[in-house]
Amino acid sequence: MNKSKNGIVRFLVLATMGVLLHFAYDWSGQNKIVGIFSATNESTWEHLKLLFFPMLFITIWDSLRGNTGPGFLKRRIVSIMIGMLVIVVLFFTVLGVTGRVIEWFNIATFFIGLLTTVVLDNVITMEDNIYSAYTALATFILFTVAFGVFSFKAPDVGIFYPFPQGTESFPIVAGE
């Protein structure tokens, strides 16, 4: 399969995994183990998991299959971090400009962030050294731990505030 078809298939598989993770926590009866890997509420932070964990899974899959190359882990984690940054920037920019959550656009931010991640992962190249591989691995571990901890003990910061479902209002200030 050529690189562009492989990228399209990869995007569709990852998007499907992300969408399923959006609902997995409730489907599991709110199992805390499942909550580490899936969205536990409607906050931007929880929606970052929908990109991160499918990409982590595909990274492990690629590693086990030997589908790696120079700078593989570094390229992958940089692509993921940029994709997550795209989600955060788009969401809070629209929220800041409009003063409300636009639900269809909120959903679109996931797909835009994921598309950014998949494209970057296919086009950027990075030099490899043992330190960059260890740093990338440590970053994967750090994000995994942070997602687990902050899913159930979130700081009082905007990225962790869940927006109300079925409405376009959003508390800009905690406690509103």
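Relevant structure appears above.
Only a predicted model underlies this, so the values are computations on that prediction, with no experimental measurement involved.

J.: Now, about the nonpolar core: what can you tell me, with residues and values included?
T.: Core analysis: the largest hydrophobic core is formed by 30 residues, its most contacted members being L48, L51, F52, M84, L114 and F147. Elements with a contribution of two residues or more to this core: α1 (3-27), α3 (44-65), α4 (72-98), α5 (103-123) and α6 (130-152). Examining the composition of this core, we find that nine residues originate from one element, α3, more than from any other. Setting aside anything within four residues of it in sequence, one finds F52 in contact with I77, I80, M84, F140, F143, T144 and F147.

J.: I'd like a rundown of the packing of aromatic side chains, residues and numbers included.
T.: Tallied over the full model, the rule gives 16 aromatic pairs. Arranged with centres 6.4 Å apart and planes meeting at 55°, the rings of Y25 and F152 form a pair that is tilted. Of this pair, Y25 sits in helix α1 while F152 is found in helix α6, placing the two residues 127 residues apart along the sequence. Between F52 and F147, the ring centres sit 5.3 Å apart and the planes meet at 45°, which makes this aromatic pair tilted. Taken together, the residues F52 in helix α3 and F147 in helix α6 connect sequence positions 95 residues apart. Taken together, the ring pairs connect F37, W45, F52, F53, F140, F143, F147, F150 and F160 into an aromatic cluster.

J.: Help me get a handle on α3, residues and values and all.
T.: With 22 residues, α3 should cover 32 Å at 1.5 Å per step; its first-to-last C-alpha distance of 32 Å lies within 8% of that length. A large share of α3 lies buried, amounting to 16 of its 22 residues. One or two residues past the end of α3 sits G66, with phi positive at roughly 75°.

J.: How would you explain the side chain of T40 if you had to name every residue and give the values?
T.: Structurally, T40 is set in the loop between α2 (32-37) and α3. T40 sits in the buried class, given a relative accessible area of 18%. Once residues within four sequence positions are removed from consideration, T40 is found in contact with Y25, G35, E46, K49, S151 and F152.

J.: Before we move on, could you go through a nonpolar patch on the surface and cite the residues and values that matter?
T.: A cluster of nonpolar side chains, namely V19, L20, F23 and W27, defines an oily patch on the protein surface of about 410 Å² accessible area. Among the structural elements, V19 can be located in helix α1.

J.: Can you break down the packing of α3 against α5 residue by residue, with the values?
T.: Taken N-terminus to C-terminus, the directions of α3 and α5 make an angle of 35°; their axes are 10 Å apart at the nearest point. Every pair of crossing elements has a handedness; the one defined by α3 and α5 is right-handed. When α3 is examined against α5, the residues L50, L51 and M55 are found in contact with a partner set consisting of F110, G113, L114 and T117. Taken together, the residues of the contact of α3 with α5 break down into five nonpolar, two polar and no charged.

What counts and how
- Residues numbered from 1 in each chain as written.
- Predicted model: local features only at pLDDT ≥ 70, side-chain atom pairs only at ≥ 80, totals over all residues.
- Heavy atoms only, no water.
- Core = buried A, V, L, I, M, F, W, Y, C linked by side-chain atoms within 4.5 Å.
- Buried < 20%, exposed > 50% of the residue type's maximum accessible area, 1.4 Å probe, protein only.
- Helix = DSSP H or I, 4+ residues; strand = E, 2+ residues; numbered from the N terminus.
- Contact = heavy atoms within 4.5 Å.
- Phe/Tyr/Trp six-rings, centres within 6.5 Å; stacked < 30°, edge-to-face > 60°.
- Expected span 1.5 Å × (residues − 1).
- Patch = residues over 30% accessible without salt bridge, like charges linked within 9 Å, V, L, I, M, F, W, Y side chains within 5 Å.
- Areas by Shrake-Rupley, 256 points an atom, 1.4 Å probe, with all protein chains shown as cover.
- Salt bridge = Lys/Arg side-chain N within 4 Å of Asp/Glu carboxyl O.
- Axes fitted to C-alpha atoms, helices over the stretch in contact; angles between N-to-C directions.
- Left-handed = near helix turned anticlockwise from the far one by under 90°.
- Nonpolar A, V, L, I, M, F, W, Y, C, P; charged D, E, K, R; others polar.

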